[in-house]
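# Residue-level structure breakdown
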Amino acid sequence: QVQLAESGGGLVQAGGSLRLSCAASGRTFSRHGMGWFRQAPGKGREFVAAISWRGDITYYADSVKGRFTISRDNAKNTVYLQMNSLKPEDTAVYYCAADLAYITTSLSYAYWGQGTQVTVSS
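Here's a quick rundown of the structure. (Residues numbered from 1 in each chain as written. Predicted model: local features only at pLDDT ≥ 70, side-chain atom pairs only at ≥ 80, totals over all residues. Heavy atoms only, no water.)

### Structural notes on the overall build of the chain
Put simply, the test is: Helical segments are the DSSP runs of H or I of at least four residues, strand segments are the runs of E of at least two, and each set is numbered from the N terminus. Burial classes: relative accessible area under 20% of the type maximum marks a residue as buried, over 50% as exposed, and values in between as partly exposed (1.4 Å probe, protein chains only). Contacts are assigned to residue pairs with any non-hydrogen atoms lying within 4.5 Å of each other. Here the Shrake-Rupley method, with its probe set to 1.4 Å, supplies the accessible areas, and only the displayed protein chains count as covering residues.
In terms of regular secondary structure, the chain is built from zero helices and eleven strands. Along the first, second and third principal axes, the C-alpha atoms of the chain reach 40 × 25 × 25 Å. For the chain, buried positions account for 44% of its 122 residues. For the chain, the share of sequence-separated contacts (at least 6 apart) that also reach a separation of at least 24 residues comes to 60%. For the chain, the exposed area adds up to about 6,100 Å²; of that, 48% sits on carbon and sulfur atoms.

Below, the structure is given as structure tokens:
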């Protein structure tokens, strides 16, 4: 079992930055691929970024490539999402997720956090 807790969301102006954190419980964090997803009002949940067990492989959605960076600190059981050059269309609830897969971009992650709201004003 892995429990996840996101933090770092908030209200920011367009062009600004936020860093989301996701703290994981359990001793097996380093053996889970981690991902960030988001869900805007009235829309389905979509993939944002993923990182492999060792952090050597990362994937990004085209919409965030070059603006967002996913990273992890296995010693702290934490995964991060640095979001720069934020746009109003980035407004959504952001979720982190964990899975035993080395890395995956699908919605089939085994464990999910409760989400944190990110609002970008124009």
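Next comes the rest of the account.
### Let's talk about the nonpolar core
To keep things clear, this is the line we draw: By nonpolar core we mean a set of buried residues, namely Ala, Val, Leu, Ile, Met, Phe, Trp, Tyr and Cys, connected to one another through side-chain atoms within 4.5 Å.
Grouped together as the largest cluster of nonpolar side chains are 34 residues, with contacts concentrated most on W36, L81, M83 and Y94. Only β3 (18-24), β4 (33-39), β5 (46-51), β7 (68-73), β8 (78-83), β9 (92-99) and β11 (116-121) provide two or more residues apiece to this core.

### Brief notes about the environment of W112
Test applied: Pairs of N or O atoms are called polar contacts if they sit within 3.5 Å, as long as, within protein, a hydrogen donor faces a hydrogen acceptor (for residues adjacent in sequence, only side-chain-to-side-chain pairs).
As for its placement among the helices and strands, W112 is situated in strand β10 (residues 111-112). Once you skip the residues sitting within four places of it in the chain, W112 turns out to touch L4, F37, R45, Y95, C96, A97 and L107. In terms of polar contacts, W112 uses its side chain to reach the backbone carbonyl oxygen of Y109, at 3.0 Å.

### Description of the sheet that holds β8
The following threshold applies: Should DSSP find at least two bridges between two strands, the strands are taken to pair. To get an axis, a line is fitted to the C-alpha atoms, and for a helix only the part in contact is used. The angle between two axes follows their N-to-C directions and goes from 0 to 180 degrees.
If you trace the four strands from one edge of the open sheet to the other, you get β1-β3-β8-β7, paired in antiparallel fashion. Whereas interior strands pair on both sides, the edge strands pair on one side only; in this sheet they are β1 (4-7) and β7. The mean angle between the axes of side-by-side strands here comes to 15°, regardless of whether they run parallel or antiparallel. Sheet topology note: the β1/β3 ladder contains four bridges and is antiparallel. Residue S7 lies in a different strand from β3, and its bridge partner there is S21.

### Thoughts on the pairing of β8
Of all six residues that make up β8, five are buried, and the element is covered over most of its length. Where β3 and β8 come together, six bridges link them in antiparallel fashion. Among the inter-strand pairings, A23 is bridged to a residue of β8, identified as T78. Pairing geometry for β7 and β8, over six bridges, is antiparallel. Counted as the bridge partner of I70 is L81 from β8. Hairpin connection from β7 to β8: four residues lie between these consecutive antiparallel strands, with N77 at a positive phi of about 55°.

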